[in-house]
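Residue-level structure breakdown
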Amino acid sequence: MRDYLLTLCVTAAVTYLLTGPVRKFAIATGAMPEIRARDVHREPTPRLGGIAMFFGLCAGLLVADHLQNLNSVFELSNEPRALLSGAALIWLIGVLDDKFELDALIKLGAQMISAGVMVIQGLTILWLPIPGVGTVALTRGQGTLLTVALVVLTINAVNFVDGLDGLAAGMVCIAAAAFFLYAYRLWYGYTIEAAAPATLFAAILMGMCLGFLPHNMHPARIFMGDSGSMLIGLILAASAISITGQVDPDVLKLFEGSTREATHAALPVFIPLVLPLTIIAIPMADLILAIVRRTWNGQSPFAADRGHLHHRLLEIGHSHSRAVLIMYFWSALIAFGTLAYSVHSTSMWIVLVVVLLSAIGLVLLLLPRFSPRAPRWAESFVPPRYRRRKRVAAEPMGTGAEVPVSASVGEPLEERIPVPAGVNGATAIGHRSRFTDRRKAGTPS
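This is a predicted model, so every value here is computed, not measured.

Here the focus is the packing of aromatic side chains. Counting across every chain of the model gives 10 aromatic pairs. A centroid spacing of 5.7 Å and a plane angle of 80° characterise the contact between Tyr 4 and Phe 180, whose relative ring orientation is edge-to-face. Highlighted residues: Tyr 4 in helix 1 (residues 2–29) and Phe 180 in helix 7 (residues 167–189), separated in sequence by 176 residues. Note on accessibility: Tyr 4 and Phe 180 belong to one class, buried. Aromatic side chains Phe 55 and Trp 91 sit 6.3 Å apart centroid to centroid with 80° between the ring planes, which places their arrangement in the edge-to-face category. Here Phe 55, found in helix 2 (residues 50–65), pairs with Trp 91, found in helix 4 (residues 79–100); they are 36 residues apart in sequence, far enough to count as distant. Since its relative accessible area comes to 40%, Phe 55 is described here as partly exposed. Looking at Trp 91, the relative accessible area reads 16%, which means it is buried.

This is the structure in structure tokens:
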């Protein structure tokens with residue numbers, strides 16, 4: 001564990017320290033695209049944050065290769081090299097896209113090629129543990145198709161959710177933390193050396209996200225761009241593929257005794273079949289809904305719009321930061337709930353806790369629908385948006401007419417500019433426009 005933590009810290013430090021120079025490089029090279037209709041930021045922001053994240057990945061692998069307890073991962077397995085090869089290819093395509101806006105089909109082809117590069121070097125699904133059946137070996141063609149499909153789905157799910165400051169990096173970090181705990185338990189608890197590469201990949205992925213988040217939290221100073229979102233999506237998929245298709249369930253001798261006993265004993269091995277999907281359940285749901293919505297409207301599945309889950313959270317009145325925290329909450333609930341169930345599948349307390357937290361999450365989603373007001377005696381202790389308004393008699397321009405005045409601000413209500421939804425903390429009161437004014441930079445009003 002100490003070596004994994006050291007690798008995580010080195011990866012985070014390198015990513016954090018390089019993000020500042022990368023931001024200056026992005027500004028100098030003009031990697032600051034104009035604001036699009038679907039964007040929620042109001043000023044052009046540099047991209048190419050994936051450059052710092054990629055070098056953080058390289059630093060993490062280099063440090064792990066020189067640690068005594070982790071060096072065996074590189075000696076006994078070719079998976080780290082396969083990951084680095086696929087990551088380098090997808091990162092390069094992402095950098096070009098951040099600068100020149102590549103076609104969606106070109107990026108899709110690059111994602112499939114990157115997955116194929118990893119498959120050629122041995123990072124592929126070899127077998128699947130199926131309850132009641134046992135281990136089912138896959139042919140080379142079946143393993144390749146399943147591996148490529150999982151990589152492409154994960155990359156695009158992470159890419160689709162990268163719409164708010166700090167959202168993609170935070171959600172992937174949560175997913176990587178849950179996966180790290182699962183893989184470490186399988187490697188340390190069951191002494192399965194084949195789970196060591198997945199554990200290393202998850203630790204490095206956490207370091208990359210933690211190092212980048214301070215620069216990417218709202219208001220973001222730099223975006224990771226496709227060079228970062230596709231990169232972390234590929235690493236997350238590689239971790240799932242490594243532990244799902246490389247760990248042989250028969251090594252644990254779990255398929256012995258009665259069917260019920262074998263099923264309960266083998267649950268930690270069956271979890272990899274669903275854990276890669278549960279830890280990205282929110283991005284995957286967003287991906288599926290986006291494809292259905294765009295196809296239903298006669299658009300291309302790759303056409304950009306403002307119908308993603310995070311956009312809808314902004315529309316109903318959540319502030320930018322609150323929308324991100326809500327997405328964090330649901331991601332952590334699904335990922336760690338599944339992880340806890342894999343450890344104690346017979347405990348009803350886990351189910352009850354998940355149900356209770358889900359209810360809390362639903363309440364948080366509905367908060368903007370309420371208009372909370374503090375009592376009179378507490379108005380001086382709460383933010384202005386929670387204070388009551390009152391009419392104050394005034395005689396502007398000598399007319400003697402009463403003008404409604406905000407009790408908390410002291411300015412005429414009709415002259416106040418409504419706060420557009422999802423910009424800088426749209427509150428639970430007042431009028432909200434459905435969409436903000438998203439003219440491109442430099443266009444006339």
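After presenting the structure, the write-up continues.
Tracing the backbone through its elements, the reader meets Ser 229 in helix 9 (residues 225–245). Look past the residues within four positions of Ser 229 in its chain and what remains in contact with it is Val 158, Asn 159, Asp 162 and Met 224.

Counting 92 residues, the largest nonpolar core has Tyr 4, Leu 57, Leu 200 and Leu 231 as its most contacted members. Among the elements that line this core, the one with the most residues is helix 7, at 17 residues. Setting aside residues up to four positions removed in sequence, Leu 200 forms contacts with Tyr 4, Thr 7, Leu 61, Ala 64, Leu 70, Val 73 and Phe 74.

In this section: the pattern of salt bridges. Any two side chains of opposite charge can pair, given that their charged atoms come close. This structure, assessed with the given rule, holds three salt bridges. For Arg 47, the salt bridge goes to Glu 101, with nearest N and O atoms at 3.5 Å. On the criterion of sequence distance, the pair formed by Arg 47 in the loop between helix 1 and helix 2 and Glu 101 in the loop between helix 4 and helix 5 (104–120) is long-range, its members being 54 residues apart. Looking at Arg 47, the relative accessible area reads 10%, which means it is buried. A salt bridge links Asp 97 to Lys 107, with the nearest nitrogen and oxygen atoms 3.6 Å apart. Of this pair, Asp 97 sits in helix 4 while Lys 107 sits in helix 5; the two residues are 10 residues apart in sequence, bridging distant segments of the chain. With a relative accessible area of 2%, Asp 97 lands in the buried category. A network of salt bridges, in which partner residues are shared, links Asp 97, Lys 107 and Asp 226.

Parameters and conventions
- Residues numbered from 1 in each chain as written.
- Predicted model: local features only at pLDDT ≥ 70, side-chain atom pairs only at ≥ 80, totals over all residues.
- Heavy atoms only, no water.
- Phe/Tyr/Trp six-rings, centres within 6.5 Å; stacked < 30°, edge-to-face > 60°.
- Helix = DSSP H or I, 4+ residues; strand = E, 2+ residues; numbered from the N terminus.
- Buried < 20%, exposed > 50% of the residue type's maximum accessible area, 1.4 Å probe, protein only.
- Contact = heavy atoms within 4.5 Å.
- Core = buried A, V, L, I, M, F, W, Y, C linked by side-chain atoms within 4.5 Å.
- Salt bridge = Lys/Arg side-chain N within 4 Å of Asp/Glu carboxyl O.

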